[in-house]
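Listed below are the residues making up each chain.
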Amino acid sequence: MYDVVIIGCGVVGAAAAYELARYDLKVAVLEAENDVATGSSKANSAILHAGYDPRPGSLMAKLNVEGNRLAFEIAHRLNVPVERCGSLVVAFNEKDKEHLQELYRRGIENGVPDLSIISGEQARELEPNLDPGVKGALLAESAGIISPWDYTLAMAEVAVKNGVELFLNTRVTSIEKDEVFHIRSSKGKEFETRYVINAAGVNSDIVAEMVGEREFSVRPVGGEYFLLDKSEGSRVSRVIFQCPNELGKGVLVSRTVHGNLIVGPDAVNSVRNDKGVTAEGLNYVRRTALRSVPSIQFRDNIRNFAGIRANTEFDEFCIGESRSAKGFLNLAGIKSPGLTAAAAIGVYARELLDGMGLELRKKDEFDDTRPVIRFKELPDEEKNRLIKEDPAYGRVICRCETVTEAEIVAALHSVIPASSINGVKRRCSAGMGRCQGGFCSPRVLRIIARELGIDETEVLEEGEGSNVLYSRLKEV
Amino acid sequence: MYDLIVVGGGPAGLAAANAAWQKGIKKILILERDRELGGILNQCIHNGFGVKTFGEALSGPEYAYRFEKMLEDTGVEVKTDTMVLDIDDDRTVEAVNPTDGFVRYPAKAVILAMGCRERTRGAISIPGTRPAGVFSAGTAQRYMNIDGFMVGKRVVILGSGDIGLIMARRLTLEGAKVLACVEIMPVSSGLRANIARCLDDFGIPLLLSHTVTEIRGDKRVSGVTVQKVDEHMQPIPGTEQLFDCDTLLLSVGLVPENELTKNADISLDPRTRGAYVYENRETEKEGVFACGNVLHVHDLVDFVSEEATFAGEAAADYILNGERPRDCYRVTTSGGVTYTVPQMIRKDSGMKLVNIYMRVNRRVRKGDIVIRAGETEIARYHKENLAPGEMINTALPSVLMQKAEGHDALEVALEETE
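Everything numeric in this text was worked out from a predicted model, so none of it was measured.

Caption draft 1: Looking closely at the overall build of chain B. Of regular secondary structure, chain B possesses nine helices and 30 strands. The C-alpha radius of gyration computed for chain B amounts to 22 Å, which stays within 12% of the reference 22 Å derived for 418 residues, consistent with globular compactness. In terms of overall dimensions, chain B has a C-alpha envelope of 65 × 60 × 40 Å along the principal axes. Among the 418 residues that make up chain B, the fraction classed as buried is 52%. Residue pairs at least 24 apart in sequence account for 65% of intrachain contacts in chain B once pairs closer than 6 positions are excluded.

Okay, structure coming up:
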């Protein structure tokens, strides 16, 4: 019998697990896919929003501002790449400038620190590549950028290290409730638990309806992105947002913590699992981004992707105990700024469970650390010390990102081990660079097969069924 | 201290090191990332390499072996499994490998011979989902020819570059069905011989002025949509064809691998995406040379070896005799010549012949490559069957350059004669 079962290990599920791991509880996390952070948590803008956007007084506003503060704290503690680079919302005309005033007012009310309105000239002094047509900007110094999948992974890993049980490839198929909850999963395994946290992202309404009446519906909104080579990474230093206008909400241009440039997203009504990009969507993103930063070289694009926002009919996160199933806590409809808010949502979930009668007693010991070795960031002597210890640190497998064999092996034997090419990529960046795995994926594939003791043809690119290779030669 | 460090042990690096040794340079080090020398030749198991260099058609590994054999009789030092991480201003090369660790090697001269990489799906932003089964053609070639695996059984190839054409044949011979080779341009960028031998001989359709407009599939590719394009390369609505395939190979161009070059503050020619070089393939940074596909993408390895040979000889000359005066002619282009290498020719190069490599932007049955200084014609070369996919090589005798005295630029132009 579990005290709490968390359904979904995106950033919200991971944050809830990370928070509950501090308490003397038996906790399980059920994840449908073969890795954590495979849904919206891996495909988003990777921004830590300052918090001037949500409506004052809303839960979103409170959790955004608090989540921003916590995200930096946690990321620094757990070795997650993060940077407080600040953001600018740029205005092209008088109407936009009024919008900046509105955002400024909201930000002050929401308690956003270090917020100011600056002129177009001042904005261009900070960001020389901004369009000359920029007439003013809202500067939010508390905004930042983060590696969203590493943030999710870090919180999940620390939770697991402290006793939380993570079940991958475990899709919830039904939930029954009597005295307790009985959760059935695709693997046939049944979980009994006193409390449930629903953090199932774009599928959170489906999961909620397994046990209660419909209180919200997810209306997925897709967003398409460009990820450009590091040669474009210095085009801007801060996150550059636009004001919404009759053509849409505008798109952002930002550096990523890995040094690339991210451009996007658009907003199109979508279906839950549609992660495809379209020519129209990409054209819109390209055209719109060039309004803010006209010098972006899109020929240096290395990847396009789409993410799904778990929007609902409400202009608010759907957080709270199910009205029809006591003990069932929805952390649902977590759309933007969900990544920023996640850590605060995790803490808030614990407070809500407390109110729902869950007995909480802090553990005597909690290991809140996550050592990570990133070879290329180390000083020379340290590099040599590691190579002496393990010569695999001297073998660079991914040349674009300078990732060594030892780091890939570590990713395959970490607290939550990678089980696919993309899982390795999320853990140590191998294959994330400009050649997109062209050179290193055959080598990474062999290392995966060797370390996991499986045949090369069984190695997956991402989820179950995404085998990279078809067969050995002459077996067709 | 090494006299010469060669970064990369593929065809360019091997030929350059060998040439420098023959010119009397004795302390030479080749740093190669892979476990073996030979670079991409090792996975090119088809034949056709070396017709110009050796007068016979060799496979890629055989061609590489000829050069490795030449090196065996020299004292050139080789470190494989060694990654170069940086090249400092004073030509100190930072490298790492499992046995020596992280080491800095100072050198009198450095030759960049890192080759090129393939353009990816991202570079051309193909719409659709992101399933497994999308490979760049060279990656698929490595999986098949080095590792011994089949990448799929029903395949569409986007782009008719040479690697794509070679892979169409290779996949077919291994039992896969290649449904089509799709090319967005009205002409193929591949060598004509490869179109005949790799597509026509196997009945594989070449769809010119077509492109892939959507990749489908959730876990693995389940199909691709192909559309005809108009003269602006925009897909024409109503021309969609769905191919039921499990694999898409991309052969959509090569990009010189110049990250080390950029980090060393050597500026790149946006046309070639390689360094600007003098006639001896010396970059603007003294004592740093570049050759082969890192300098500009070649279509024949024989030209890589040729270019690497003058780079190696030039590096030897630099080590023994010092830097030549940099007073030079800038090379400009017109009439459909898209680039030249070199981009600068020293007025006093010390070379008898200056090899100028170039490409043109269209097919021309008969035409002249004309080199002028102002109004003065310096040289004229009659050429036949010019095409964008086929590099043109001219050897300009240095004596002719006396005619250019008083000028700062040499113009290289294409004139159609038929």
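Caption draft 2: Examining the overall build of chain A more closely. Assigned secondary structure in chain A consists of 12 helices and 23 strands. Computed over C-alpha atoms, the radius of gyration of chain A comes to 22 Å, within 12% of the 23 Å expected from 2.2 N^0.38 for 476 residues, which places it in the range of a compact globule. Counting only C-alpha atoms and orienting by the principal axes, one finds that chain A spans roughly 60 × 55 × 50 Å. Nonlocal contacts in chain A, meaning residues at least 24 apart in sequence, comprise 72% of its contacts between residues at least 6 apart.

Caption draft 3: Region of the structure containing the domain arrangement of chain A. Residues and elements named next belong to chain A. The domains assigned to chain A are domain 1 (1–83 + 143–217 + 312–372), domain 2 (87–141 + 219–309) and domain 3 (375–458). Taking only C-alpha atoms into account, the centre of domain 1 sits 27 Å from that of domain 2. Taken residue by residue, the interface counts 28 residues in domain 1 and 30 residues in domain 2. Taken together, the residues of the side of domain 1 that touches domain 2 sort by class into 15 nonpolar, nine polar and four charged.

Caption draft 4: Layout of the domain arrangement of chain B. Residues and elements named next belong to chain B. According to the domain assignment, chain B contains domain 1 (1–118 + 253–323), domain 2 (120–252) and domain 3 (325–418). Taken over C-alpha atoms, the centre of domain 1 sits 31 Å from the centre of domain 2. Each side of the interface is counted separately: domain 1 has eight residues, and domain 2 has 13 residues. Residue composition of the side of domain 1 that touches domain 2, by class: two nonpolar, four polar and two charged.

Caption draft 5: Spotlight on the sheet that holds strand 15 (residues 210–216) of chain B. All names here are of chain B. Judged by pairing direction, the sheet is antiparallel, and its three strands sit side by side in the order 15-16-17 without closing on themselves. If you trace the sheet from one side to the other, it starts and ends with strand 15 and strand 17 (241–243), each paired once. With direction set aside, neighbouring strand axes in the sheet form an average angle of 30°. Bridging between strand 15 and strand 16 (residues 223–228) involves six bridges; their strand directions are antiparallel.

Caption draft 6: Structural view of the interface of chain A and chain B. Counting from both sides, the interface comprises 45 residues of chain A and, opposite them, 41 residues of chain B. Of all the secondary structure elements, the ones that give two or more residues to the side of chain A that touches chain B are helix 7 (279–292), strand 18 (301–309), helix 9 (380–389), helix 12 (441–452) and strand 23 (471–472) of chain A. When grouped by side-chain class, the residues that make up the side of chain A that touches chain B number 17 nonpolar, 16 polar and 12 charged. Here strand 23 of chain A runs beside strand 11 (residues 149–150) of chain B; their pairing, made up of two bridges, is antiparallel. Directly across from A:Arg472, in strand 11 of chain B, lies its bridge partner B:Phe149.

Caption draft 7: Structural context of helix 1 (residues 11–20) of chain A. Residue and element names in this part refer to chain A. Of all the 10 residues making up helix 1, 10 are buried; the element is thus mostly covered by neighbouring parts of the structure. All buried positions along helix 1 are accounted for by Val11, Val12, Gly13, Ala14, Ala15, Ala16, Ala17, Tyr18, Glu19 and Leu20. Elements in contact with the buried residues of helix 1: strand 1 (2–7), strand 2 (27–30), helix 5 (148–161), strand 12 (190–198), strand 20 (328–332) and helix 8 (338–355).

Caption draft 8: Representation of the sheet that holds strand 3 (residues 47–48) of chain A. Residue and element names in this part refer to chain A. Ordered in space as 3-8-4, the three strands form an open sheet in which the pairing is antiparallel. Looking at strand neighbours, the two that pair on one side only are strand 3 and strand 4 (82–83), the edges of this open sheet. Pairing analysis gives two bridges linking strand 3 to strand 8 (residues 144–146), with the strands arranged antiparallel. The residue of strand 8 that forms the bridge with Ile47 is Ile145.

Caption draft 9: Examining the nonpolar core more closely. Core analysis: the largest hydrophobic core is formed by 160 residues, its most contacted members being B:Val7, B:Ala16 and B:Ile111. When residues of this core are assigned to their parent elements, the largest contribution, 10 residues, is made by helix 9 (residues 301–321) of chain B. Counting residues in each nonpolar core, the second largest holds 127 residues, with A:Val207, A:Tyr225, A:Val251 and A:Ile296 among its members.

Caption draft 10: Local environment of unusual backbone geometry. Here the residue pair A:Ser336 and A:Pro337 is connected by a cis peptide bond, since its omega of 5° sits within 30 degrees of zero. Structurally, A:Pro337 can be placed in the loop between strand 20 and helix 8. A positive phi angle, near 55°, is found at A:Gln436, a position not held by glycine. Among the residues examined, A:Gln436 registers 25 C-beta atoms within 10 Å and is labelled buried. Look at B:Asp265: it is not a glycine, yet its phi comes out positive at around 60°. If you trace the backbone, B:Asp265 turns up in the loop between helix 8 (259–263) and strand 20 (268–269).

Parameters at a glance
Residues numbered from 1 in each chain as written. Chains lettered and ligands numbered in written order. Predicted model: local features only at pLDDT ≥ 70, side-chain atom pairs only at ≥ 80, totals over all residues. Helix = DSSP H or I, 4+ residues; strand = E, 2+ residues; numbered from the N terminus. Rg over C-alpha atoms; globule rule 2.2 N^0.38 Å. Buried ≥ 20, exposed ≤ 12 C-beta atoms within 10 Å, placed from the backbone. Contact = placed C-beta atoms within 7 Å. Domains from an automatic or database assignment. Nonpolar A, V, L, I, M, F, W, Y, C, P; charged D, E, K, R; others polar. Pairing = 2+ DSSP bridges. Axes fitted to C-alpha atoms, helices over the stretch in contact; angles between N-to-C directions. Core = buried A, V, L, I, M, F, W, Y, C linked by C-beta atoms within 7 Å.

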